[in-house]
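Here's the letter readout for the chains.
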Amino acid sequence: MKKRIFGMLLAGTMMLSLAACGGSGSGSATPSPSTSTPAASESPAGVSKDDLKVGVVLVGEENDNGYNYNHVVGIKEMQEEYGLKDDQIIYKTNVHEDAGCDTALRELVEAGCQIIFCNSFGHEPYMVEVAADYPNVQFCHATGYISASDDKDNTHNYFTSIFQARYLTGIAAGLKAKEIGNTKLGYVAAKPFAEVISGYTAFYLGAKSVYPDATMEVMYTNEWSDATLEAQVAQALIDDGCGVISQHSDTTAPATTAESNGAFQVGYNADMISAAPHASLVSARVDWGVYYKYAVGCMIKGAAIAQDWCQGLKEGAVYLSPLNTDIAAPGTADAIEDAKAKIISGEIHVFDGPLTGTNADGEALDLKQGEYYHESEEASAPSFDYIIPGITVVQ
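From a predicted model like this one, the values you see are computed outputs, not experimental measurements.

A. Expanded view of the overall build of the protein. Scanning the protein for helices and strands turns up ten helices and 15 strands. Among the 395 residues that make up the protein, the fraction classed as buried is 58%.

See the structure below:
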């Protein structure tokens, strides 16, 4: 995600303010941020590759084999692209969404970093405050929304259209559920924010596109990364009759729980087949390296970094891990490829009408045939926060 939280009040405000940005009533496409982003900030002078230092603030660690791992993979792609040495990249790991983030950011600046990336939703308010004190350092934040519209020249938001990949993984889940004759899907969700709701809705819509009888139960862990809680929620969903589960959580615990119960699973952020070879079908992934190479390339060239950035399937910023053909339902690969081509061409927009739902504020969504919700088109941060028919949130 994403990702992350610095208070329920702020999260609710974000959902409310961004819902209008999604354009829930228009049926015509608006330009994608990948080709039409908000104004880029004034760029600094180019920095020699040999003199460049990059700071990375992670909410967890690389060894989670999930969200943080995926970011580190992207940083390493960037490092290889530009031939940076290991000592030119400084990591701050397990940085919580509290005052410790402020400390970590200032330490990175003092260490000489000219560009700093933060990967968790709740890091952003601290990042924005620190950025004001260091106007010559570029600060980039994944999954947030504040920097996309602030008046600072050195703050930036970035995210991807991961909902597109989640829709495709939903197809794998729906076909498997149909094969085993179980209409009930399950979803291990982190927190009730737009990023998570958008993702599990896209997953469900993908499943429903190939298995119209499918329903889905969602349970929240209320933590982004907690293997114990994720296993407990996955177990509860399976015990309640869910034959295929998925997740917006950071560890492989849902995969291994599915494996030990004879259920099936769709992952996120990493290929989880090695952890659960008899359960894990496929995973939705982000190639964060696309952005990291872009942003660091701007630093080296002295070019402006977009204030808000988002790319998806078309640009290779989101993708699927290899399909587990040993357990996937027949026809899954072809169905995924067909839908992928239609998303890239614009024939499918994921949140296509007719579509109805209600969000936590009681606001209703009512899209007609030919209309679609313009997720991540006018702002990179996800804004879809409606619970649609067929999805039940289990308290």
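The rest of the description comes next.
B. Region of interest: the environment of Asp98. You can see Asp98 is positioned in the loop between β2 (89–92) and α3 (99–110). For Asp98 and Gly122, which are 24 residues apart along the polypeptide, the C-alpha to C-alpha distance reads 7.7 Å. In this structure the side chain of Asp98 is engaged in a polar contact, spanning 2.9 Å, whose partner is the backbone nitrogen of Gly100.

C. Layout of the nonpolar core. Among the nonpolar cores identified, the biggest contains 86 residues, and Val54, Phe117 and Tyr200 are the most heavily contacted of them. Residue contributions to this core peak at ten residues, all from helix α5 (residues 162–180). Not counting the four nearest positions on each side in its chain, Tyr200 is found in contact with Tyr187, Ala189, Met216, Val218, Tyr220, Ile387, Ile391 and Val393. If you look at the next biggest cluster of nonpolar residues, it comprises 15 residues, including Val95, Leu105, Cys113 and Val137.

D. View of the packing of aromatic side chains. Under the criterion given, the structure shown has 22 aromatic pairs. For the pair Phe117 and Tyr158, a centre-to-centre distance of 6.2 Å together with 90° between the ring planes defines the contact as edge-to-face. Of this pair, Phe117 sits in strand β3 (residues 115–118) while Tyr158 sits in strand β5 (residues 155–160), placing them 41 residues apart in sequence. Judged by its relative accessible area of 0%, Phe117 is buried. Judged by centre distance (6.2 Å) and plane angle (40°), the rings of Phe159 and Trp288 are tilted. Placement of the pair is Phe159 in strand β5 and Trp288 in the loop between β10 (280–286) and α9 (289–301), with a sequence separation of 129 residues. Like Trp288, Phe159 is buried. Members of the aromatic cluster, joined through ring pairs, are Phe117, Tyr158, Phe159, Trp288, Tyr291, Tyr292, Tyr294 and Trp309.

E. Seen up close, the confidence of the model for the protein. Here the protein averages 90 in pLDDT, while 89% of its residues score no lower than 70. Within the model, pLDDT remains below 50 along residues 1–44, and this stretch shows 126 contacts once partners closer than five positions in the same chain are excluded.

F. Main features of the packing of α5 against helix α6 (residues 194–210). Two numbers describe how α5 lies on α6: the axes approach to 6 Å, and their chain directions differ by 45°. As the angle between them shows, α5 and α6 are arranged oblique. Seen along the crossing, α5 lies across α6 with a hand that is right-handed. Two secondary-structure elements touch here, α5 through Phe163, Arg166, Tyr167, Thr169, Gly170, Ile171, Ala173, Gly174, Leu175 and Lys178 and α6 through Ser198, Gly199, Ala202, Phe203, Leu205, Gly206, Ala207, Ser209 and Val210.

G. Geometry of the state of the cysteines. Counted according to the given criterion, the structure contains zero disulfides. Residue Cys140 stays outside any disulfide, its sulfur separated by 8.8 Å from that of Cys118, the closest cysteine.

H. The arrangement of the sheet that holds β3 in detail. An order of β2-β1-β3-β4-β5-β11 is seen for the six strands of this open sheet, with the pairing classed as parallel. The strands lining the two open edges of the sheet, one partner per strand, are β2 and β11 (308–311). Neighbour-to-neighbour, the strand axes of this sheet turn through a mean angle of 20°, independent of strand direction. As paired elements, β5 and β11 share four bridges and run parallel to each other. Note on β11: the bridge partner recorded for Tyr158 is Trp309. Contacts from helix α4 (residues 124–133) reach β3, β4 (138–142) and β5, with the element oriented near 170° to β4.

I. Region of the structure containing the sheet that holds strand β9 (residues 264–268). Spatial strand order, β12-β10-β9-β8-β6-β7-β15: seven strands in an open sheet with mixed pairing. Only two strands of the sheet have a single partner each, and these edge strands are β12 (318–320) and β15 (391–393). Each strand axis lies, on average, 20° off the axis of its neighbour in the sheet, ignoring direction. Looking at chain direction, strand β8 (residues 244–248) and β9 are connected through two bridges and run parallel.

J. Spotlight on the environment of Glu129. Topologically, Glu129 is positioned in helix α4. We classify Glu129 as exposed; its relative accessible area is 53%.

K. Summary view of the pairing of β10. Within β10, seven of the seven residues are buried, which leaves it mostly tucked inside the rest of the structure. Note that β9 and β10 share three bridges and pair parallel. Across the sheet, residue Gly267 finds its bridge partner in β10, namely Ser283. When β10 meets β12, the two strands line up antiparallel, connected through three bridges. Bridged to Arg285 within β12 is Tyr319.

Calculation rules
- Residues numbered from 1 in each chain as written.
- Predicted model: local features only at pLDDT ≥ 70, side-chain atom pairs only at ≥ 80, totals over all residues.
- Heavy atoms only, no water.
- Helix = DSSP H or I, 4+ residues; strand = E, 2+ residues; numbered from the N terminus.
- Buried < 20%, exposed > 50% of the residue type's maximum accessible area, 1.4 Å probe, protein only.
- Polar contact = N/O pair within 3.5 Å; in protein donor to acceptor, adjacent residues only side chain to side chain.
- Core = buried A, V, L, I, M, F, W, Y, C linked by side-chain atoms within 4.5 Å.
- Contact = heavy atoms within 4.5 Å.
- Phe/Tyr/Trp six-rings, centres within 6.5 Å; stacked < 30°, edge-to-face > 60°.
- pLDDT = per-residue confidence, 0-100.
- Axes fitted to C-alpha atoms, helices over the stretch in contact; angles between N-to-C directions.
- Parallel < 35°, antiparallel > 145°, perpendicular 65-115°, else oblique.
- Left-handed = near helix turned anticlockwise from the far one by under 90°.
- Disulfide = S-S within 2.5 Å.
- Pairing = 2+ DSSP bridges.

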